[in-house]
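The chain contents come next:
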Amino acid sequence: MHQLKALLWCCAVLLCVGEAIGSRAFADESPIYSSMATAQPVWAEHGMVSSQEALASQVGVEILKRGGNAVDAAVAVGFSLAVTLPRAGNLGGGGFMLVYLAKENKSIAIDYREMAPSSAHKDIFIDEAGKVNPKLSLAHGLAVGVPGTVMGMELALKKYGTMKLSQVIQPAIQQAKKGIKVTSSLANSLSHPFIKERMLEVPASKAVFYKQDGANYQPNEWLVQGDLARSLELIAKHGSKGFYEGETAEKIVAAVTAAGGIMTLEDMQNYKAVERQPVSGTYRGYEVISMPPPSSGGVHIIEMLNMLELYPVGELGHNSAANIHLLAEVMKRAYADRSEYLGDPDFVDVPLKALTDKNYAKHLSKQIHADKATPSAQIKPGKLLPYESDQTTHYSVVDKWGNAVSNTYTLNFSYGSGIVAAGTGILLNNEMDDFSAMPGVPNGFGLVGGDANAVQGNKRPLSSMTPTIVMKNGKPFIVTGSPGGSRIITTTLQVISNVIDHGLNIAEATAAPRIHHQWLPDEIRIEKSLNVDTRRLLEAKGHQLSEKSAMGSTQTIMVTDKGLFGASDPRRADSAALGY
Ligand code: GLY
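In this report, the structure presented in the accompanying data block is examined. In this text the structure is predicted, and so the values were computed from the model without any measurement. (Residues numbered from 1 in each chain as written. Predicted model: local features only at pLDDT ≥ 70, side-chain atom pairs only at ≥ 80, totals over all residues. Heavy atoms only, no water.)

1. A look at helix H19 (residues 358-365)
- Those residues of H19 not exposed but buried are Ala361, Lys362, Leu364 and Ser365. Looking straight down H19, one finds that the buried residues subtend no more than 165° of arc, so they occupy a single side.
- Its side-chain oxygen at 3.1 Å from the backbone nitrogen of asparagine 359, aspartate 357 defines the N-terminal cap of H19. (Buried < 20%, exposed > 50% of the residue type's maximum accessible area, 1.4 Å probe, protein only. Helix = DSSP H or I, 4+ residues; strand = E, 2+ residues; numbered from the N terminus. Arc of directions from axis to C-beta. Polar contact = N/O pair within 3.5 Å; in protein donor to acceptor, adjacent residues only side chain to side chain.)

Written as structure tokens, this is what we have:
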């Protein structure tokens, strides 16, 4: 019976192959408000910012109101989040910014991912006994990549903004100086035993984030970050030189060295943010623009959408067992490829065209059975994925001219390495853990990665960050992205499919239960709100299910002829889509 059904599905697929198959015909109706909707988006007429911290969204909206464009606002939000969302917003980390310029009808991908110090090498995390020591890539000077955020923000503003750095950085300086009211969520994250233990070990980190006696800040108390304000002021005065040279750079290098690292002043001075050609594809008549390597996000979102396009996804029903089965099968094939082919394009040849080719998707989809999960071991044996944490943050901005910014940046783990460089207030990343510590051999987390992502001096570690813009009729339609480590790509995928295939408005598409499969481990990760009947049907198809914490924190803006509709993920406290 199963085989018969599989055959029928395969026949349907083969019949469909060769053209973009319409799911249900939602393509021409932007789902906005409806009495059927179970969640409603935020509306604004002129401009909107959606971010994980309401204070930062407000900063962005104020810049837009003052006549700034989406890039001006995005840079202001980036600096503000470094103050207001210290677990992920940052000066000491890195990320990716996707910019759409309406006048030029042009998209640009800005890569400000951290780089390995020049003397880093593939055995850097291996101890004298020949074993991977996870502490070295997580909470040690060696864990810190050369930060990219300040250079990335400066590049974006200089080339595509209209305001001065000294202007857009002001709100962040004020927030650091005057202090921010500690929210319940911030207090909670700082009191997490793992975070607290790590930060109390570093006197400069303790001084910023805990009281003198090591006690936690309580909700509604004020967190003042004087050193961070001074570091921001140096950037306001000297631009990126105020970070990569002079006293801030010296203090960062001193902190990294004291913690056993190898970053030098030359590494700081030589850091470069680069512009890359975004990766793009199509999905049921929409254009999908996203981040190219060293992020794996854009490549695999397009690879997965190419596969989904071959199926009548809308007809399967939103979050039905058939829909989730298909999603999981598509995801595991993309993530198997991720482990093999992706790395920093400045160091390895990433077969980008082949992976995003629609014919390749057809080839992969022929192996998908309608009623039976394919065990991951049969898809490609061997290599597991590098570990990634979910403490990244995303924000989206759209201005009144139709320019859009989709930005995801990170310290990697929550509060990064936990190391604040003394005298700067700047938390340093532990992005070096996104490299494969020892290709082909399990690391401290029991995970391994491919050669393409091995550590090398000046190389950027592979990322999953997926800032994305879906275009409709040549204009931005959905501006989105998410944190969530390896779940970033599948989270972003589901937001897009929820709108295009299932006709959900952006608030419903955001709130809907999410699933994730990353090939290995061979399990569908689910959120707890996925209903029990669907779970049973999936298990009957041979899937192993694993209920874990909620996935992602999407920050999305939908652009329509009726205005801007925003949705900030209800999975995280304090986030907000705000507009004017
Ligand atoms: N550190 C998470 C990522 O870059 O994907």
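2. Remarks on the packing of helix H7 (residues 170-178) against helix H11 (residues 226-238)
- Between H7 and H11, the least distance of the axes is 7 Å, while the angle of their chain directions is 160°. Viewed along their axes, H7 and H11 adopt a mutual orientation that is roughly antiparallel. Handedness of the crossing formed by H7 with H11: left-handed. Note on element contacts: H11 touches H7 through Gly226, Leu228, Ala229, Leu232, Glu233 and Ala236, opposite Ala172, Ile173, Ala176 and Lys177. (Axes fitted to C-alpha atoms, helices over the stretch in contact; angles between N-to-C directions. Parallel < 35°, antiparallel > 145°, perpendicular 65-115°, else oblique. Left-handed = near helix turned anticlockwise from the far one by under 90°. Contact = heavy atoms within 4.5 Å.)

3. Remarks on the sheet that holds strand S16 (residues 515-516)
- The sheet built from three strands is open, its strands ordered S16-S17-S18 with mixed pairing. Each having just a single partner strand, S16 and strand S18 (545-547) make up the two edges of the open sheet.
- Pairing between strand S17 (residues 524-526) and S18: three bridges, direction parallel. When the sheet's bridge partners are listed, arginine 525 is paired in S18 with serine 546.
- Against the sheet, helix H23 (residues 532-540) touches S17 and S18, its axis set at about 145° to S18. (Pairing = 2+ DSSP bridges.)

4. Overview of the nonpolar core
- Counting residues in hydrophobic clusters, the biggest one holds 85 residues, and the most contacted among them are Phe79, Leu91 and Leu232.
- Element by element, the count of residues in this core is highest for helix H3 (residues 70-84), at 11 residues.
- The contact partners of leucine 232, leaving out residues within four places of it in the chain, are Phe79, Val83, Leu91, Ile169, Ala172, Ile173 and Ala176.
- Ile379, Leu493, Val495 and Ile526 belong to the second-largest nonpolar core, a separate cluster that totals 54 residues. (Core = buried A, V, L, I, M, F, W, Y, C linked by side-chain atoms within 4.5 Å.)

5. Quick notes on the site of the ligand
- Taken together, eight residues are adjacent to the ligand, and Arg113, Glu431, Asp434, Ser463 and Ser464 come closest.
- A distance of 2.9 Å separates an oxygen atom of the ligand from a polar atom in the side chain of arginine 113.
- Contacts to the ligand include asparagine 412, whose side-chain N or O atom sits 2.9 Å from a nitrogen atom.
- Taken together, the residues that form the shell around the ligand break down as one nonpolar, three polar and four charged. (Near = heavy atom within 4 Å. Nonpolar A, V, L, I, M, F, W, Y, C, P; charged D, E, K, R; others polar.)

Such coordinate-based values are descriptive only and should not be taken to indicate function.
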